[in-house]
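Analysis of the macromolecular model
Single-letter residue listing:
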Amino acid sequence: MSARTTRRATLLGATVTLALLAGCSGTPSGTASGTPSGTASPSASSGASASTAADHLTVTDPWIKAAESGMTAAFAVLHNDGDEDVTVVGATSDLSRVELHEMATDDSGAMVMRQKEGGLTIPAGGEHALEPGGDHLMLMELSAPVQAGAEYDVTLELSDGSTLVVTAPTRTFAGAKESYDDGHDEGHDMSHDG
């Protein structure tokens, strides 16, 4: 009888241990709006989930410039609390086609907007600003007007295959006198007035 009680206690202890390990293998808390999805899956041998780039990326002050048609841009500050660089390699939105853009100086010395090669890298423990006159997300071929005060989702695609959904409010902005409509050609270069 004593051996049977000991075996039951051992099985109960093993069951409790497995339940505790299973509870620890869930998705980490504190991620940005929406649950980041990714291709990483929990390690079968360790019982812990694999970390994705999206787990370490947070977004503050996201916003989109209001526009009636054509093109506009999205801005934010991207923060990386991880030990490795995180690279945004693309983005999607129901509003439009999205490209990663930068402002750069061309051979003639003029400032032009162009597609950013290699994506947007957020250094480990650092941040990267997406702002008017600098790096930004270009929303092209708008499917509908982007109204001031409305909120829209943009999904950031990261180099490890994980994604992060960002909800951004829309605001009017005259700031740097950027024109996201005029002068945009097939090469994705565009001069700015400011």
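Thresholds applied
Residues numbered from 1 in each chain as written. Predicted model: local features only at pLDDT ≥ 70, side-chain atom pairs only at ≥ 80, totals over all residues. Heavy atoms only, no water. Phe/Tyr/Trp six-rings, centres within 6.5 Å; stacked < 30°, edge-to-face > 60°. Helix = DSSP H or I, 4+ residues; strand = E, 2+ residues; numbered from the N terminus. Buried < 20%, exposed > 50% of the residue type's maximum accessible area, 1.4 Å probe, protein only. Pairing = 2+ DSSP bridges. Core = buried A, V, L, I, M, F, W, Y, C linked by side-chain atoms within 4.5 Å. Patch = residues over 30% accessible without salt bridge, like charges linked within 9 Å, V, L, I, M, F, W, Y side chains within 5 Å. Areas by Shrake-Rupley, 256 points an atom, 1.4 Å probe, with all protein chains shown as cover. Salt bridge = Lys/Arg side-chain N within 4 Å of Asp/Glu carboxyl O. Lys, Arg positive; Asp, Glu negative; His and termini not counted. Charge placed at Lys NZ, Arg CZ, Asp CG, Glu CD. Polar contact = N/O pair within 3.5 Å; in protein donor to acceptor, adjacent residues only side chain to side chain. Contact = heavy atoms within 4.5 Å. 1 Å grid on protein atoms, 1.4 Å probe; cavity = no way out; pocket = protein on both sides within 12 Å on 5 of 7 lines; lining within 4 Å. Points joined across faces, edges and corners; volume = space filled by probe spheres on them. Nonpolar A, V, L, I, M, F, W, Y, C, P; charged D, E, K, R; others polar.

Another aspect to go through is the packing of aromatic side chains. Scanning the entire structure with this criterion turns up two aromatic pairs. Centre to centre, the rings of Trp63 and Phe173 are 5.2 Å apart; their planes meet at 65 degrees, and the pair counts as edge-to-face. On the criterion of sequence distance, the pair formed by Trp63 in strand 1 (residues 57–65) and Phe173 in the loop between strand 10 (163–171) and strand 11 (190–191) is long-range, its members being 110 residues apart. Judged by its relative accessible area of 6%, Trp63 falls in the buried class. Look at Phe173 and you get partly exposed, because its relative accessible area is 29%. Members of the aromatic cluster, joined through ring pairs, are Trp63, Phe75 and Phe173.

Pairing of strand 4 (residues 97–105) with strand 5 (residues 111–115), which is carried by five bridges, proceeds in the antiparallel orientation. Residue Thr105 lies in a different strand from strand 5, and its bridge partner there is Met111. Connecting the antiparallel pair strand 4 and strand 5 is a turn made up of five residues, with Gly109 showing a positive phi of about 95 degrees.

Attention shifts here to the nonpolar core. Ranked by size, the top nonpolar core spans 29 residues in total, and within it Ile64, Leu137 and Leu156 carry the most contacts. At the level of elements, strand 1, strand 2 (72–80), strand 3 (86–92), strand 4, strand 6 (120–122), strand 8 (136–140), strand 9 (151–158) and strand 10 are the ones that each hand at least two residues to this core. Counting residues per element, this core draws most heavily on strand 9, at four residues. Formed by five residues, the second largest nonpolar core is a distinct cluster that contains Met103, Met113, Met138 and Met140.

We now examine a negative patch on the surface. On the surface, Asp81, Asp83, Glu84 and Asp85 cluster together into a negatively charged patch. Mapped onto the fold, Asp83 is located in the loop between strand 2 and strand 3. Asp83 sits in the exposed class, given a relative accessible area of 78%.

A positive phi angle is found at Asp61, which is not glycine, with a value near 50 degrees. Relative to the helices and strands, Asp61 resides in strand 1. The residue Glu141 is not glycine, and still its phi comes out positive at about 60 degrees. With respect to the helices and strands, Glu141 occurs in the loop between strand 8 and strand 9. Overall, Glu141 belongs to the exposed group, its relative accessible area being 55%.

By secondary structure assignment, the location of Asn80 is in strand 2. From its side chain, Asn80 meets the backbone oxygen of Glu84 in a polar contact 2.8 Å long. In contact with Asn80, not counting residues within four places along its chain, are His56, Asp85, Val86, Ile122, Pro123, Ala124, Gly125 and Gly126.

Before going further, it helps to spend a moment on empty space enclosed by the protein. This structure, assessed with the given rule, holds one cavity of 30 Å³ or more. In this structure, the largest cavity encloses a volume near 80 Å³. Forming the boundary of the largest cavity are 13 residues, of which Pro62, Phe75, Ala76, Leu137 and Val166 lie nearest the centre. Mapped by element, the contributors of at least two residues to the lining of the largest cavity are strand 1, strand 2, strand 9 and strand 10. If one sorts the elements of the lining of the largest cavity by residue count, strand 2 sits on top with four residues. Class assignment of the residues belonging to the lining of the largest cavity gives a composition of 13 nonpolar, no polar and no charged.

Remember that the coordinates give geometry; whether it matters functionally is a separate question.
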